[in-house]
Structures are given as C-alpha cells and as structure tokens.
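# Report on the structure
This is what each chain is made of:
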Amino acid sequence: MSLVPTRWLAPMLFSVKTVSAGFLALWIGLWVGLPMPFWAMTTAFIVSNPLAGATRSKAIYRVIGTFLGAVFAVAVVPVLVDTPMVLSSVLALWVGACLTVSLLDRSARSYTLMLAGYTAAIIAFPSVNHPEAVFDTGVARVTEITLGIVAATLTHSLFLPQSVAVPLGARLERWLGDAQAWLADCVRESGPPRQSVREQQQLAVDVVDCALMAIHVPYDTSHWREATGTLRALLERMILLLPLLSGLADRRSAIATEDHDGEPCLDPDLAAAQTATRAWIAAGCPAHDRPAIAVPESVRPVVWHDLLATSYRVRLAQVVTLLADCRQALDHLRDPHLPLPASLRSPRAALRLHQDLGHALMAGLAATVAVIACCALWIYSGWADGAGAAAMTAVFCCLFAAMDNPIPVILRFGVAICAGVPLAGIYLFGVLPYVSDFAAMALVMAPPLLLIAAFILHPRLGGQATAMAMGFCSALAIQESFHPDFERFVNSNIGQVLAVVLAAGFTAGLRNLGTDVAIARLLRALQRDLVRLSTTGSPPDPGLALARVIDQTALLTQRLGADTTGALAAQAALREVRLAINLVAIQHARAAAPLHQQRALSSLLREAARYFRAWRPDGTPPPDARLQHRIDRALRLILKDNAAVTPPPLPFGHPDAPDAPHAIAALIALRRNLFPNSPGPALPAPGTFIPVVEPSA
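Since the model is a prediction, treat every value here as computed from it, not as a measurement.

Attention now goes to the overall build of the protein. Counting its secondary structure elements, the protein contains 23 helices and two strands. Out of the 697 residues in the protein, the part that is buried amounts to 55%. Considering only contacts within the protein whose residues lie at least 6 apart along the sequence, 82% involve residues at least 24 apart. Roughly 28,600 Å² of accessible area belongs to the protein as shown, and the carbon and sulfur atoms make up 62% of that amount.

The next thing to look at is the side chain of Thr112. Tracing the chain through its elements places Thr112 in helix H5 (residues 110-124). By relative accessible area, which is 14% here, Thr112 ends up buried. Not counting residues within four places of it along the chain, the set of residues in contact with Thr112 comprises Tyr61, Ile64, Gly65 and Leu68.

As a further point, take helix H10 (residues 268-282). Look at H10: 21 Å from first C-alpha to last across 15 residues, which is about the 21 Å you get at 1.5 Å a residue. Within the span of H10, buried status applies to Leu270, Ala273, Gln274, Thr277, Trp280 and Ile281. Around the axis of H10, the buried residues are gathered within 125 degrees of arc, so they sit on the same side. H10 presents Pro268 and Ala282 as exposed residues on the side facing more than 90 degrees away from its buried surface. Looking one or two residues past H10, Gly284 carries a phi angle of roughly 95 degrees, positive in sign.

This brings us to the packing of aromatic side chains. Scanning all chains against the criterion turns up 10 aromatic pairs. Note on Phe38 and Trp39: the rings are 6.3 Å apart at their centroids and 25 degrees apart in plane angle, and the pair reads as stacked. Residue classification places Phe38 among the buried residues on the basis of a relative accessible area of 9%. Taking 4.9 Å as the distance between ring centres and 65 degrees as the angle between the ring planes, the aromatic pair formed by Phe400 and Phe413 counts as edge-to-face. Residue Phe400 is located in the loop between helix H13 (386-399) and helix H14 (407-431), and its partner Phe413 is located in helix H14; the two are separated by 13 residues in the primary sequence. The same class applies to Phe400 and to Phe413, which are both buried. Members of the aromatic cluster, joined through ring pairs, are Phe396, Phe400 and Phe413. Over the ring of Tyr111 we find Arg62, and its NZ or CZ is 4.5 Å from the ring centre.

Close contact between helix H12 (residues 357-381) and H13 brings their axes to 9 Å; oriented N to C, the two are set at 170 degrees. Taken together, the axes of H12 and H13 are roughly antiparallel relative to one another. Touching Ala367, Ala370, Val371, Cys374, Cys375 and Trp378 of H12 are Gly386, Ala387, Ala389, Ala390, Thr393, Ala394 and Cys397, all from H13. Split by residue class, the contact of H12 with H13 holds 11 nonpolar, two polar and no charged.

Another point: the packing of H5 against H13. Look at H5 against H13: their axes get within 8 Å of each other, and the N-to-C directions meet at 165 degrees. Accordingly, the angle class assigned to the pair H5 and H13 is roughly antiparallel. Where H5 crosses over H13, the two elements pack in a sense that is left-handed. Between H5 and H13, the contacting residues are Met114, Tyr118, Ala121 and Ile122 on the first element and Ala391, Ala394, Val395, Cys398 and Leu399 on the second.

So, about the nonpolar core. Of all hydrophobic cores here, the largest spans 111 residues; its most connected members are Leu168, Leu172, Leu183, Leu231, Phe612, Leu667 and Leu674. Top contributing element to this core by residue count: helix H11 (residues 304-334), with 16 residues. Core analysis: the second largest hydrophobic core is formed by 59 residues, Ala73, Leu87, Leu99 and Ile410 among them.

The next thing to look at is the environment of Arg56. Mapped onto the fold, Arg56 is located in helix H3 (residues 52-80). Remark: the alpha-carbon pair of Arg56 and Tyr219, spanning 163 residues in sequence, is separated by 6.1 Å. Excluding its chain neighbours within four sequence positions, the residues that come into contact with Arg56 are Thr153, Ser157, Tyr219, Asp220 and Thr221. Looking at Arg56, its side chain comes within polar contact range of the main-chain oxygen of Tyr219, at 3.2 Å.

The terminal C-alpha atoms of helix H16 (residues 462-476) lie 21 Å apart, and with 15 residues this matches the ideal 21 Å at 1.5 Å per residue to within 8%. Among the residues making up H16, those that are buried are Gly462, Ala465, Thr466, Ala467, Ala469, Met470, Gly471, Phe472, Cys473, Ala475 and Leu476. Of the surrounding secondary structure, the elements contacted by the buried residues of H16 are helix H2 (38-47), H14, helix H15 (438-454) and helix H17 (486-510). One or two positions beyond H16, positive phi appears at Ala477, with a value near 50 degrees.

Turning our eyes to something else, we now look at unusual backbone geometry. Of note in the backbone geometry, Cys285 takes a positive phi value of approximately 55 degrees without being a glycine. Turning to its location among the elements, Cys285 is positioned in the loop between H10 and strand S1 (298-299).

A few words now on the side chain of Gln628. As for its placement among the helices and strands, Gln628 is situated in helix H22 (residues 625-641). Apart from residues lying up to four places away in sequence, Gln628 is in contact with Arg671, Phe675 and Ser678.

So, on to the confidence of the model for the protein. Here the protein shows a mean pLDDT of 81. Residues at 70 or above account for 86%. Every residue in residues 260-265 scores below 50 in pLDDT, and together they form 13 contacts with partners more than four places removed in sequence or on other chains. Every residue in residues 692-697 is under pLDDT 50, and counting partners more than four places away or in other chains gives 43 contacts.

Bringing the pattern of salt bridges into the picture now. Taken as a whole and assessed by the stated rule, the structure comprises 19 salt bridges. A salt bridge links Glu226 to Arg225; its shortest N-O distance comes to 3.5 Å. With its nearest N and O atoms 2.8 Å apart, the salt bridge here joins Arg610 to Asp624. Residue Arg610 is located in helix H21 (residues 595-614), and its partner Asp624 is located in the loop between H21 and H22; the two are separated by 14 residues in the primary sequence. A relative accessible area of 13% places Asp624 in the buried class. Among the ionic contacts, a cluster of salt bridges with common partners joins Glu607, Arg610, Asp624, Arg626 and Arg630.

It is worth spelling out the environment of Arg606 at this point. Relative to the helices and strands, Arg606 resides in helix H21. Classification of Arg606 by relative accessible area gives exposed; the value is 56%. In this structure, the C-alpha to C-alpha distance between Arg606 and Val531, residues 75 residues apart in sequence, is 9.3 Å.

Time to look at the state of the cysteines. Overall, the coordinates contain zero disulfides when judged by the stated rule. Summary of cysteine pairing: Cys98 is not part of a disulfide, and the nearest cysteine sulfur, belonging to Cys398, is at 8.1 Å. Classification of Cys98 by relative accessible area gives buried; the value is 4%. Here Cys374 is not disulfide-linked; the sulfur of Cys375 is the nearest cysteine sulfur, at 6.0 Å. Residue classification places Cys374 among the buried residues on the basis of a relative accessible area of 1%.

Together, Ile60, Ile64, Phe67, Leu68 and Val71 give the surface a local cluster of nonpolar side chains, amounting to about 420 Å² of exposed area. Position of Phe67 among the secondary structure elements: in helix H3.

Procedures and definitions
- The written sequence of each chain sets the order in which its residues are numbered from 1.
- Given that this is a predicted model, residues contribute local features only at a pLDDT of at least 70 and side-chain atom pairs are listed and counted only at 80 or more, while totals for whole chains, interfaces and linings are drawn from all residues.
- Think of the side-chain values as coming from all heavy atoms in the structure, minus any hydrogens and water.
- Runs of H or I in DSSP of at least four residues are treated as helices and runs of E of at least two as strands, each being numbered from the N terminus.
- Burial classes follow relative accessibility: with a 1.4 Å probe on protein chains only, a residue under 20% of its type's maximum area counts as buried, one over 50% as exposed, and anything between as partly exposed.
- Two residues qualify as a contact provided that any one of their heavy atoms is within 4.5 Å of a heavy atom in the partner residue.
- Per-residue and other accessible areas follow the Shrake-Rupley method at a 1.4 Å probe size, with only the shown protein chains counted as cover for residues.
- What a helix is expected to span follows from its residue count: subtract one and scale by 1.5 Å.
- As used here, the arc belongs to the directions running from the helix axis to the C-beta atoms.
- Two rings belonging to Phe, Tyr or Trp (six-membered ring only in the last case) form a pair when the distance between their centres is within 6.5 Å. Interplanar angles under 30 degrees mark stacking, angles over 60 mark edge-to-face geometry, and anything in between is tilted.
- A ring has a charge above it when a Lys NZ or an Arg CZ is no more than 6 Å from the ring centre and no more than 35 degrees off the ring normal.
- The axes used here are C-alpha line fits, helices contributing only the stretch in contact, and every angle between their N-to-C directions lies in the interval 0 to 180 degrees.
- Any angle that falls under 35 degrees is termed roughly parallel, while one over 145 is termed roughly antiparallel, one within 65 to 115 roughly perpendicular, and all others oblique.
- The classification used treats Ala, Val, Leu, Ile, Met, Phe, Trp, Tyr, Cys and Pro as nonpolar, Asp, Glu, Lys and Arg as charged, and all other residues, Gly among them, as polar.
- A crossing counts as left-handed when the near helix is turned anticlockwise from the far one by less than a right angle, and as right-handed when that turn is clockwise.
- Side-chain atoms within 4.5 Å are what join buried Ala, Val, Leu, Ile, Met, Phe, Trp, Tyr and Cys residues into a set we call a nonpolar core.
- Within 3.5 Å is the distance limit for a polar contact, defined as a pair of N or O atoms, with the added protein rule that one can donate a hydrogen and the other accept it, and that residues adjacent in sequence qualify only through two side-chain atoms.
- Note: pLDDT gives the predictor's confidence per residue, expressed from 0 to 100.
- Salt bridge, as used here, is a side-chain nitrogen of Lys or Arg placed within 4 Å of a carboxyl oxygen of Asp or Glu.
- Here, two cysteine sulfur atoms that lie within 2.5 Å of each other are counted as a disulfide.
- In this analysis, a patch consists of residues with relative accessible area above 30% that form no salt bridge, clustered at 9 Å for like charges and at 5 Å for the nonpolar side chains Val, Leu, Ile, Met, Phe, Trp and Tyr.

Here it is as structure tokens:
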C-alpha cells in the first residue's frame with residue numbers, strides 16, 4: 001500500500017516545482033541586487049502551470065506584455081507627472097483599452113495586452129512621487145517579472161515536465177468515443193435515441209476545450225509539437241463532425257417517423273449501410289477498414305421519404321469518412337511513424353472564437369472608472385501608499401473581467417490575498433529577524449508555501465490558493481536589506497482591501513452581470529450570425545463560419561442548467577449549428593448556379609434573413625408559410641433542371657470536398673431544421689434523375 005495517495009502525487013510534485021521556482025527567482029533577484037526581488041518570486045507563483053507547454057506558451061506573451069506596459073509607463077509619466085489626474089486618467093484609459101482588446105481574444109495571446117495594461121499601472125503609479133526614476137523602475141519591474149517567468153518556465157520544463165499531449169490525447173480519445181456512441185445511436189435498427197441532447201451538446205464544449213488546449217502544443221516538450229498541422233486537421237474534422245452527426249440523427253428521426261413510429265427500416269440499401277457501420281463501430285472504428293457506404297450518383301424520387309433516405313446514406317458516408325480521418329490523425333499523433341495522407345497534414349484554418357464586443361467594452365469601462373476613482377481618492381486625500389491601491393485596482397479589474405459575474409470571484413480573491421497578510425506579518429516580525437542567510441530563510445518559509453501551492457491545482461480552491469501565495473509574498477516584500485516597519489506594513493496592505501472594494505463595486509455598477517445575461521447575449525449573437533450568413537454578398541468560408549457557431553454553442557452549453565429550459569436552449573443551439581452550415585452551402589451553390597436558380601436561391605436567402613431577424617433562437621421555430629414556400633420552390637426548380645453532379649462522400653467544408661456544392665441537400669436539411677413537423681413537398685414527376693449532393697447538416 002502506498003504511503004501517499006495517488007491523487008496527491010500531482011499536486012505535491014507541482015507544489016515542489018512551483019516553490020522551487022519561486023525561491024530560485026528570489027535568490028537570483030537578491031544576488032544581482034534587484035530593488036524588489038519579491039516581485040520575481042510572486043510572479044513565479046502566478047505563472048506556474050502543471051503543463052510545461054502551457055507555462056512556456058504563456059511565458060512568451062507575458063514577457064511581451066510586461067515590456068509593452070513598461071514602455072508606455074516610461075513614456076507618459078515624465079510628460080504628465082505635473083498633472084496627476086490627467087496622468088491617472090491616461091493610465092486608466094490605457095488599462096481599459098488593453099483589457100477591452102484582450103477580451104476579444106480568448107487564446108493565450110490575450111495575456112499580452114492584459115499584462116501591458118496593468119503592468120503600466122504597477123510601474124507608473126508608484127513612480128509619480130519620483131518621476132526621474134521611472135525608467136529605472138520600469139527596467140527593474142520588467143527584469144523582476146521576467147525573472148519570475150523564466151524561473152517558472154525552466155523549472156516546469158526541465159524537472160519532470162508534464163506534457164500537454166497526455167491530457168489532450170485523453171480528451172481527444174474521449175471525444176471520439178462520444179462521437180462513436182452518437183453514431184451508434186444513429187444506426188440502430190429501431191427505438192428512440194439513447195443520447196440526450198445535453199450529451200450531444202457537450203461535444204461542442206469539448207471540441208472548443210481541445211482547440212484551446214492545442215494552442216500550447218507548439219511549445220510542448222513532446223513530439224506532438226512537430227505535428228501541429230495534423231492536430232489542427234484533426235480539430236477541423238471534429239468541428240465538421242458535430243453538424244454531420246446532428247443532421248444524421250435528424251434524418252434517422254424523420255425516416256423512422258415516416259416508417260411508422262420507429263419500425264425497422266425496410267430499405268435494403270439503408271439497412272445494409274447501418275449493419276456495416278455497426279460492425280465497424282464494434283471493431284473500434286479502425287481507419288484502415290472503414291465500411292463502404294453505397295452512395296448513389298442519382299435517385300428517382302417518388303416521395304419525400306426517398307430524398308430523406310438518400311440524404312441519410314450520404315450523411316452516413318460522410319460521418320464514417322471523417323471519423324476514420326480522425327482516428328488516423330490521432331494514431332499518427334501518438335506514433336509519428338504511422339502513414340498519414342496529405343489531406344491530414346494541411347489544415348485550412350484555425351478555430352475562430354466568438355467575440356463579445358459589448359461585454360469587452362463594458363469591462364474596459366468598469367476598469368477605467370474604478371482606477372480613476374481610486375486615483376482621485378489617493379491624490380486628493382494625500383494618502384502616502386495610495387499608488388499601490390491604484391495599481392491593485394487595475395489588477396483586480398483585469399484578472400476576472402472575462403467572467404459573467406466576476407464580483408464573487410474578486411471578493412474571494414481579495415479575501416484570500418488578505419488572508420496571506422497575517423501569515424506574512426508573523427514571519428516578518430516574528431521569524432525572519434532571527435534568520436541570517438538565504439538557505440535558512442527558504443527553509444522556514446517552505447512549509448506554508450508548499451501547502452498553499454499544493455492547492456493551486458484544486459478546481460475550486462485554486463484561485464484562492466494563488467491569491468494567498470501572492471498576498472504572502474507581496475506582504476513580506478523581501479529585499480536585500482531587512483527593515484521591518486509595522487506602520488508601513490499595515491498602510492500598504494490596506495490598499496489591497498480598498499482595491500478589492502473599488503474593483504467589485506464599479507464592476508457591479510457598470511456591467512450587466514449574471515449567467516442569464518450571458519446566455520441572452522450568446523443567443524442574440526447566434527441570431528445575428530444567421531442573418532449575416534443569409535445576407536452576405538460573397539460565399540463565406542465554411543470552416544470559419546462553422547467554427548464560430550460551434551464556439552458560441554459551446555459557450556452557451558457551459559452556462560445552461562440541467563432543467564427543462566436549459567435542455568430546450570441546448571437543443572436550439574445545436575440546431576443553429578446545422579442552420580449555419582446549410583446557409584453557407586446555399587450561398588456557395590448560388591454563386592455557381594445558373595441565373596434562374598440564382599434568383600430562386602437569392603429570394604430564399606432574403607426570406608430567411610427576414611425570418612431569422614424575427615425569431616427567438618431559444619424557442620421552437622415558428623411556422624412561416626412564405627419561407628417554406630421559397631424553400632420548396634427552389635428545391636422543385638433544381639430537381640427539374642436535372643444538373644448531373646457526382647460528388648465524393650465528403651462534407652462541405654472538408655478540404656477535398658467540391659468548392660461549389662449542389663443546393664439540393666442543403667435545401668432538404670434547411671427544411672428539416674426549420675419545419676420538422678411539416679409534410680414533405682410535392683416533388684417533380686417520376687422519371688427525372690436527381691443528382692445527390694449532401695454538403696450540409
């Protein structure tokens with residue numbers, strides 16, 4: 001039996017490495033004579049991450065942001081030092097502007113501008129009383145912060161590094177397993193679906209999480225960093241799979257309904273395709289032995305059921321193709337010696353994430369006003385240590401601005417920082433005066449720091465642990481010479497309490513807070529995107545459009561509860577993903593269609609834009625005879641023209657798919673998504689060969 005539970009090993013290892021990085025940064029800072037080496041130690045705790053790739057990727061952006069903030073502070077302080085409120089306003093605007101732009105980028109790059117914002121405040125405000133030393137202060141802060149970043153990066157990269165590939169590979173494997181389970185649900189002979197809408201919706205959350213984690217792979221310590229193109233190609237296919245599986249499930253439901261309440265399918269070709277797919281899933285979905293799904297080049301439709309059945313088979317072929325591609329890409333990532341086709345080495349585009357400009361602007365405004373208010377209190381009251389309060393106000397406003405309701409987190413973070421202050425006081429006035437060298441100081445400080453750092457990985461207490469480490473290290477303010485001053489100790493730490501109050505108060509007063517507000521904003525964004533895809537003059541890029549809608553769906557799912565309202569909204573958001581790629585496919589088909597078809601499709605898109613402007617995305621699509629008529633008219637027109645097309649069984653948006661898809665399948669899917677309970681349209685007379693293309697969900 002192990003003396004230490006396995007679940008404690010990772011936190012303990014992380015704690016030892018983080019504390020070692022902090023002491024390394026502090027020792028080097030003292031050795032070279034930096035004025036405030038405790039900044040280096042504090043930074044090491046802030047930037048440490050259990051994954052070496054994440055620590056290294058963020059380190060680069062943090063160094064750049066720190067440098068930019070220092071340059072701005074050095075530029076404005078000498079010019080505006082004689083007008084304190086003007087200087088404060090300029091710095092507050094800089095903090096707010098940097099925060100606004102950083103919130104529009106949810107990747108690791110956002111650290112650059114966020115740090116540029118509050119680093120300028122950290123350097124500039126304490127330099128107001130000594131403007132002649134602002135350059136030296138800026139150089140010192142950049143050096144100290146960079147030292148902490150480098151110490152943490154080296155420690156976590158060289159000593160038992162934890163690769164990003166391990167948790168990312170596990171997440172990718174779990175995602176593909178969930179996708180296979182959904183496919184198995186779609187090819188069952190009969191019966192209601194076994195997967196809930198929320199389980200299906202979780203796939204959108206997981207694929208976005210995987211994409212965000214993949215940002216760190218180029219900086220990783222594993223061989224995955226040499227195969228980032230393959231990883232992006234895998235993520236691209238995962239994004240395409242979501243609407244494909246959703247559309248396949250819809251076709252199965254529609255066929256089962258028309259086949260009288262879910263009786264086994266009597267179509268021999270469709271039944272054979274389902275049987276082959278079930279056997280493939282049972283074998284583990286091997287990439288080299290994918291089933292051959294019979295996809296006809298044309299079909300004679302007699303009734304609506306015929307088009308639905310053919311649509312189902314083409315969709316099934318596409319899902320099998322993409323799942324096999326995903327399996328092959330993941331196997332290659334694990335073993336780079338395995339063969340890989342060229343199409344899996346050349347992804348088209350990265351994931352485009354949702355941007356909420358209104359949220360970013362209000363967060364930036366709240367930070368600006370809070371910093372100005374703190375500066376006014378500091379300047380007009382003559383408070384000697386008010387500069388630190390102004391700087392910490394900027395920090396608190398920036399760190400949690402991305403949250404729907406940052407107030408509770410700001411308060412908990414502030415309480416945790418303040419909790420570290422009494423502990424620092426005990427050490428500062430009761431322990432450190434009896435310590436004579438660095439080794440002894442590190443030895444007596446290690447126990448509380450190791451305990452605090454062990455909780456940084458805790459999903460619920462991690463933020464408070466980091467804050468307590470910050471409060472402890474900052475309050476100690478270890479420097480080359482030791483001069484404990486109780487009055488200065490109290491005054492400087494009171495500023496942190498005021499900073500917490502101001503940051504929380506102005507954020508609460510100037511922002512619309514809460515999960516309900518965030519959900520409403522996301523639903524409006526989905527609605528605007530559908531209108532935009534309906535009205536755009538040039539065909540949109542399918543990968544970028546689909547990735548953005550899937551990201552919005554993931555954000556929505558993360559905020560939804562498990563009640564009926566949440567389930568309905570989740571189901572609606574999944575429908576938006578299918579609608580988005582349908583609209584993109586129709587736009588591309590219109591661009592390549594004959595003139596009379598272009599007119600019909602343009603009329604349909606104008607009517608769709610009117611429809612999407614008026615509807616509630618979180619509800620059931622209302623009946624609309626005008627839009628349904630436009631869809632049916634365009635479908636009949638294209639069926640009668642009998643334009644022969646022989647497509648590969650690949651989804652629209654796949655690198656090897658046709659650039660100009662046929663509109664038939666997109667119209668079928670659009671009609672199913674908007675009017676699932678309407679009977680099928682009257683089709684042209686039998687005898688007409690109809691090309692089969694299934695570019696959309």
